[in-house]
Structure formats: structure tokens, C-alpha cells
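# Chains, contacts and geometry: an overview
This is what each chain is made of:
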Amino acid sequence: MNVLQEILTWSADRPKWQRDALRRLVINGELSDDDISAFTEICKGDHGLAEKAEVKPLSKEHVPGGEAKAAAVSLVSIFHHKGVNALAEDQTLKFALGLTIVYGDNGAGKTGYIRILKQACRARGQEQILGNVVSGVAPPKPVVNIKYKVGDETTHHEWVDGEADEFISRVSIFDAQCAAVYLNERTDVAFLPFGLDLFDKLVKACRAVRARLESEQRALNANVLAPIVAQIPAGTAAAKLAGNITSLTKPEAVQAVTRLSSEEEAQLGFLEKSLQDLQANDPNKLIAQLNIRVGRVRALGEHQRALENVLSDAEVAALFNVRTDGRRKSEEAKRLREATFPQNLLPGTGGDQWKAMWESSRLFSEQQAYPGQTFPVTEDGSKCVLCQQDLDDAAAHRLKQFEEFITSTTERELRQIREDFVRRRNAFTSLKTSSDAVEEAIKELHLEHESKAEVISAAIAQNEKRRATVVAVLTEDKDLGQDCPALASASGEVQSVASEIDARIKSLRESANTEARKKLANEAQELRARVALGKHEQTILDEIENKKKIAAYGQCIEETKPTAITQKSSQVTKAVVSERLKQSFKSELQNLEFNHVEVELKEVGGAEGVFYHKLILTRNPGVEVPKIVSEGEQRCISIAAFFAELSTADDPSAIVFDDPVSSLDFEWRNNVARRLVQESKRRQVIVFTHDIVFLLALKQYAEESSIEPLDQHVRRQSKGAGVCAEELPWVAMPVKGKIGYLKNRYQAAEKLSRDGNQDAYEQEAKYLYGLLREAWERALEEVLLSGVVERYRPSVQTQRLAPLSDITDTDCKTIETAMTKCSTWLPGHDKAPAARAPVPGTAELKRDIEALETWVKGIRARRP
């Protein structure tokens, strides 16, 4: 099965952001915070929470044809500057590409270096790094770095404390905590074939995206409607609406409740007053009062309608039209007068004043001088009513002309127009827009209908300005301008008040029973609730949008569930990994010669993109493994599981073991040592141990496999623990190493003597003779007896017996003499003062060391 091809096919039905995540994982190997932000926005965009983003899903072009093999990551060194446990400052622990053995006694500082590695590398459990908490002073912040290389690179990479590093995290550590995890818990396959790790990484991306989505969703979850619902009368339609707002609630449905029509607003006012009326002690008396009040309101309404009729646009227009007609007729009359009257008449004849005089003469003639006769009377003997002289023919003719002029159609129409204009003008000039009765009526309206009273007062004031403007224009004989105030109509408000009072009177008469009152109260309560809810309309509409967002976030979060990923991971892992893992575990148990208890790895399902396995007893799966096997056996099983896990991936990166043989007996130590040396042929293996026997076993198997391990010795000195030296401990050194060590120590002793520190020299010299004696013992095993028999080694190397035939008495005597001399200055023997021999000087000490070196070279030189 090609894992990536399988994932590509499966991804076609995944959400767009997950397909993009798979593409980035295949290309880059890891995801950044920016990637997670991008996936979050893509997911939101698909559900209307953000702008739709461009997506590049995983496709064939991103899937390589074969599965790549990872380049090995190997450690170069750990540098401890300061701050980790009680480790000495500025120490460097080095590692070789093959096998590195780091030896240190208990408390020497090995654990400090392991804790540093566990911070950077793959470990089943990290540990907090503490400073030297027993030093009595505040420990400094840890400062460490690890140098490593990737593949065949010549340059080194560097990990600094606390940094995430995708390369060094491929280095694996086995320790006691790791062993316990393999035994007691279900474990995931930490090393996966190329491509199979995408499931785990995709689940991590899902968790990261989910965390961001949930955080944003929580910010929207504030219950802003709870305080509003508490303000709305319970049981009303408004309360039910407010308490059941969802993402599906339509804004129109909200507005239908929160917005009252003008009729509903008026009805609420009426209901409030009706309910107040019903509280009166004497309803009949209240009815009488309301009848009086409605009468005053109706009178106010009649006054307002009269004002509006007089000041209407039609009346104003008619007034100025009549004035215009009068001007036109006046011109016509003037032309007629000029055509009718001779030129020698007095100025003004035929004019308005003259006409007034003529009409006065008419009245005098008809009522006093010549009753019953048609004016003007011009018969013979008649006299002029003005000058009272007899009329001659000329005067009589002139009077007739005057009368004909006055009675002409033009003059008659002019008189009618002028009369109409005067009547209309007087309607404006004499109009009273307000009165004491009007003011009292409005003042009474203010008590219960303040807004309407204000409208009516404003209308009266504006109409007065309109009347005054018209009168002023007429007085000044000007045309009416555009700035003339418009007519303000308030008769409707007055009528509505009157109708409301009439309804209240009717309600008082009809609502004497309890049921009717309850109906009024319920209707008012519903309207009040709607008014109260209306104050929060925008908040409710915003909450609907908010709930739509919350629901959309819920859909986004649903996409982050790892169920489908886990199912596919389990399916592919079973097909690609599980059988290989189980077979490898079985082989590793055989390598460790663990065959007396049948143990196997069994699948136990998956979760969040990870497929798990657990160690079980083949013959009794229900019993936990640790309850059956010994502590040493548990450690062997854990090591086998660790190596089996490594086998599931083509990644030959370094592995680190921290005291892997703790609790193991001699036989199991050798088996583990052999397996570790065997593994060091294909990858870097670093072993931390305090067990000399195990160290010697590692050295033995390395020698048999022609592997040259790097020896590192970690010790505690006055400057602290973890002091590093590139050597074995004395007890594990071969004779060559011991001779070299003695030579180095001799240099220091010789300086003591040269500087005159005799006591210190003698003390050091005695110590060196003790070590020299041990070196002769090691030479006996390793050189003279050719390693046929060695301490801590269970086998006898019979194939090395042949060279022993050249051993002479001289060889034996040389050893006996040298060891006897060395024993002279060993502590622990109480010598008589007289028998006390002087400590050899520096020259003699040097000769004795060189004697061992010469003897060793001589034995080896004579043997093939």
C-alpha cells in the first residue's frame, strides 16, 4: 500500500482546509502558527464567517512516487554552561557516530545530561530541569546547547534550551519512565512510515484550529438577552419572543412585535387611561366629568376647524385673486370714465371719493328730496340735490351721464369685487386664533395628552403668524411671498382626543364586570411588553446575527472532530504498521533470548488520529504483564518494545539509553549489551550507565564486533557534578589505559616534589603505588594470561590458551617482585617504626611505572 496515494484518495471528501493542511504537511513536514491561522480563516470562510480564501488542496503533483528515507540525526555534543542541577559549569560531553559509553557513579551527574536530552529529543516523559536547589543561593537560568548533524552534512546544527527542533526530536531516549509506559499503558507508534505521520499531524492541526474557533465562539456566547427578558412581563408574546431567539428567528418577526403602529400606540394610551378610570371610586361622577371635558374638546375642535378653513390655502389664494380682479376691473372702470366724462370736469370725477359722494346724493334724493322717484330726478323744475339750483338741460344731461356711468356693468362688477375683497379681508383681520377658552382647553389637554396639546398649541401659534403675514401684505399692498408660514392643521389631534374620551366614557359604562376589566388589563400588558421590547430591538436583531455566527462556528468546530481521521489512521496503520510492529517485537525478544514467557503486542484501537498497541500475555490477555514478570524481565520486554517501535520507520537516527540494565542480572546484562552493540552498527547508540559489569560487557562485544566505542567518564569533583573526561573509569581501563593514566598522575606527583611539597608527594606516591599494583594485576589477566580468564566475564577464552606456553619463571618472578614492592606502601598494614621504609623518590617511581610498560611490551612482542 502506498500511504500517500491512499491519503490523497481519502482526502477528496475532507473539508477544504484539511486538504490544504495535508498539502502543506507533505511539502513542509510541519505546520506553523500562520498555517493554523490560515486554516481557521478558510474554515470560517466556508461557513460565512470570513471572506472566502483561496485554497490549494493536496493533489497528485504533491505526492512523490516512492517513500523517502529520512536522513539520520546524530548527536555531536552537549555543552552545559550553567544552571542544570548541580552540574559543573562549562562542561562538554561528546558523542561518537557509532557507540558512545558514558560511565558515571551514582550522583556523578549523568541524570543532569539525560534531563537536558529529554528536553530536546523524543522521550515518553519530559522532566523539569531544576537548578542547584541545595546550593543555598538562587540557581541561574539553565543555559545549554546540543550540537548535532543530519545525514552526511559537514556542518553542525545547534539546539538551544527550550527551542522546538524537528530534527533533534527524531533522536529517541529509553529510560525507566519509558520502560514503565511500554509495560503499563497503551502506546502509540512513535515512529511511523513516511506519510502515516500525516494523520497525527492533521489531528494536531484540528485541535489547534478547534481551540481558536472555540475561543472565538466563546467570545460570542455572552447572554445579552437575559437582562432584557427579565424586564418583559412574563407570559406575553414579547416575552416569549425574547426568550426564544435563535439563529432561525426572522428579523421581520421581531419587528412585527417590537414596532407598534400609530393605531396600536393610541390604543395603548386609551387602555392606560381606561384602566386608570376604572380605579375611580365613583364611575358615574367620572363619566359626568368626562362629558364636560369632551364638550370643551369638541368646542376646541370647532375653533380649530374654523381657523383652518379661514386660513386654508384656498381662502388665502381666493383673497389675493379677488384683489387682483379688483385691480383689473378698476382699470376697466377708469377707461370707461375717461370715455364717458367730458374733459373739463373737476379732477377726481368718477373716482372712489366721487362715487361715495354720488351714492350719498342718491340716498338723499330717494329718501329726502324726491322720495319715490328714480335718481337722478331731472324733470323740469327739478333741482340739483347738491347745489339746490334749478337744472338746465346741460346739467340734467350731465347728471344722466353720471348715473349711466355708475350703473354700467363694469362699475357694478367692480363694486361687487370690492365688497367681496372687503369681506374676505375682514375675515383675516378680525380673526381671533386664540382666546381664554381656547387656552384653558389646551391647558386641560396638557394633563393627559401633553404631546397632542403641544401640537395644537404649535398649530395655533403658526396659524397666527400666517394670519398676521397675510394682513401685513394686504396692508402694504404687496404680493404674498414664499416665506408665508404654512397652514398648521391640528383638528385631527383634537378629534382623536375627543374620540378617546368618548371611548373612555363608553368603556366606563361597559366595563363594570371583572372579566371586561381583565381583558383590558391583558391587552394593555401585551402592548406595554411590546413597547418595552421595542427599546431593545437592535440588540435582539444583533443577537440573531450573533446566534447565526455561533451556529456557523458550531459547524466549523464539527469539521475539526478527528473521528474520520482516526478511523482512516487505524485502517492504514493496521495495514502498514501493526503486523510489522508485532513481528519486530517478537524478533527483539528472541534477540534478547527472552522466551520463557509468551508476550505479544496487540492492537487496542485508535483515538484522535493515533492507533494504539498494548503488551499482553499471549496465554492470559486479561492479566497485566507487570503482575506476572519480574522487574528485570519487565525491563527486557520494554527494551524489546522500544526496538520494535524503531523498526516501524526507516529513520536511523540516534538512540540514547539511560541505565538500560537496571534490575537485570548478569545474563540479561550481556544480552542487552550484545543487542546495543549490534544496533550501533546501523545507527548512533549512546549508553549512560553506572554499572561496571555492563560497561565491560559493552566493551567486550564492541571488541568482538570490531567497533571502537567512545568512552566518556562523568565524575563529581569540587566544582560540581558532571565533569567530563574522554576515558574509562580506572577499574574498567585496559592495561594500556592504566599505564597512560599512571604516567599522567606521575607528572602531577613529580611537580609536587619539585615544588617542595614532600608530604603531599609522599601521599600521592603511595596512592600511585596502589594503582600500579592494580595495573600489574590487570597485566596478569590481559597480557600474560592473554585474556583467557578475566574478572566479570563469564566465559573462558580457550582459543587463547596457545600463547601461554611461553610463560617463564622470570615472568612470574617479575610480577611477584613488582606487586610485592607496590604492596609495601599500601595503607591498611601497621608496620613497626623501625621497619618503615622510605617512600621512593620521583625517579624510582618513574622507573617502576616504566618497568610495567616495558614488561607488557616485551610479552606482546614475543607473541605472534
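As the structure is a prediction and not an experimental result, all values here were calculated from the model.

This part takes up the pairing of strand S3 (residues 99–103). Here S3 lies mainly inside the structure; 5 of its 5 residues are buried. Side-chain alternation along S3 places Leu-99, Ile-101 and Tyr-103 on one buried face and Thr-100 and Val-102 on a second face that is also buried. Relative to strand S11 (residues 685–689), S3 runs parallel, the two sharing 5 bridges. Its bridge partner being in S11, Leu-99 is matched across the sheet by Val-685.

Moving on, we get to helix H3 (residues 33–45). Given a rise of 1.5 Å per residue, 13 residues ought to cover 18 Å, and the 18 Å separating the end C-alpha atoms of H3 matches this to within 8%. Taken residue by residue, H3 has Asp-35, Ile-36, Phe-39, Thr-40, Ile-42, Cys-43, Lys-44 and Gly-45 as its buried positions.

Checked against the element boundaries, Arg-466 lands in helix H17 (residues 450–475). A distance of 2.7 Å separates a polar side-chain atom of Arg-466 from the backbone oxygen of Leu-311. Not counting chain neighbours up to four residues away, the residues in contact with Arg-466 comprise Leu-311, Ser-312, Asp-313, Val-316, Cys-484, Pro-485, Ala-486 and Leu-487.

This brings us to the environment of Ala-211. Assignment of secondary structure puts Ala-211 in helix H6 (residues 197–220). Judged by relative accessible area, which is 42%, Ala-211 ranks as partly exposed. A C-alpha to C-alpha distance of 9.6 Å links Ala-211 and Thr-560, two positions 349 residues apart in sequence.

Looking now at the sheet that holds S11. Spatial ordering of the open sheet is given by S6-S10-S11-S3-S12-S13, a layout of 6 strands whose pairing is mixed. Whereas interior strands pair on both sides, the edge strands pair on one side only; in this sheet they are strand S6 (172–174) and strand S13 (720–725). Across this sheet, the average inter-strand angle for adjacent strands is 20 degrees, counted without regard to direction. Here helix H4 (residues 110–120) sits on the sheet in contact with S3, S6, strand S10 (655–658), S11, strand S12 (710–717) and S13, set at roughly 140 degrees to S11. Relative to S6, helix H22 (residues 631–646) is tilted by about 170 degrees, and along the sheet it contacts S6 and S10.

The next thing to look at is a negative patch on the surface. A contiguous patch of negative charge on the surface is contributed by Glu-379, Asp-380, Asp-392 and Asp-393. Along the chain, Glu-379 falls in the loop between helix H13 (352–369) and helix H14 (393–406).

The next thing to look at is the packing of aromatic side chains. Counted under the stated rule, the structure contains 10 aromatic pairs. Ring centres of Phe-642 and Phe-643 lie 6.0 Å apart, and the angle between their planes is 70 degrees; this geometry places the pair in the edge-to-face category. Through successive ring pairs, a cluster of aromatic residues spans Phe-174, Phe-642, Phe-643 and Phe-657. Across from the ring centre of Phe-643, 4.1 Å away, lies the NZ or CZ of Arg-675, which sits over that ring. The ring of Trp-730 has Lys-738 sitting right over it, with the charged end atom 4.1 Å from the ring centre.

What counts and how
Residues numbered from 1 in each chain as written. Predicted model: local features only at pLDDT ≥ 70, side-chain atom pairs only at ≥ 80, totals over all residues. Heavy atoms only, no water. Buried < 20%, exposed > 50% of the residue type's maximum accessible area, 1.4 Å probe, protein only. Helix = DSSP H or I, 4+ residues; strand = E, 2+ residues; numbered from the N terminus. Pairing = 2+ DSSP bridges. Expected span 1.5 Å × (residues − 1). Polar contact = N/O pair within 3.5 Å; in protein donor to acceptor, adjacent residues only side chain to side chain. Contact = heavy atoms within 4.5 Å. Axes fitted to C-alpha atoms, helices over the stretch in contact; angles between N-to-C directions. Patch = residues over 30% accessible without salt bridge, like charges linked within 9 Å, V, L, I, M, F, W, Y side chains within 5 Å. Areas by Shrake-Rupley, 256 points an atom, 1.4 Å probe, with all protein chains shown as cover. Salt bridge = Lys/Arg side-chain N within 4 Å of Asp/Glu carboxyl O. Lys, Arg positive; Asp, Glu negative; His and termini not counted. Charge placed at Lys NZ, Arg CZ, Asp CG, Glu CD. Phe/Tyr/Trp six-rings, centres within 6.5 Å; stacked < 30°, edge-to-face > 60°. Lys NZ or Arg CZ within 6 Å of the ring centre and 35° of its normal.

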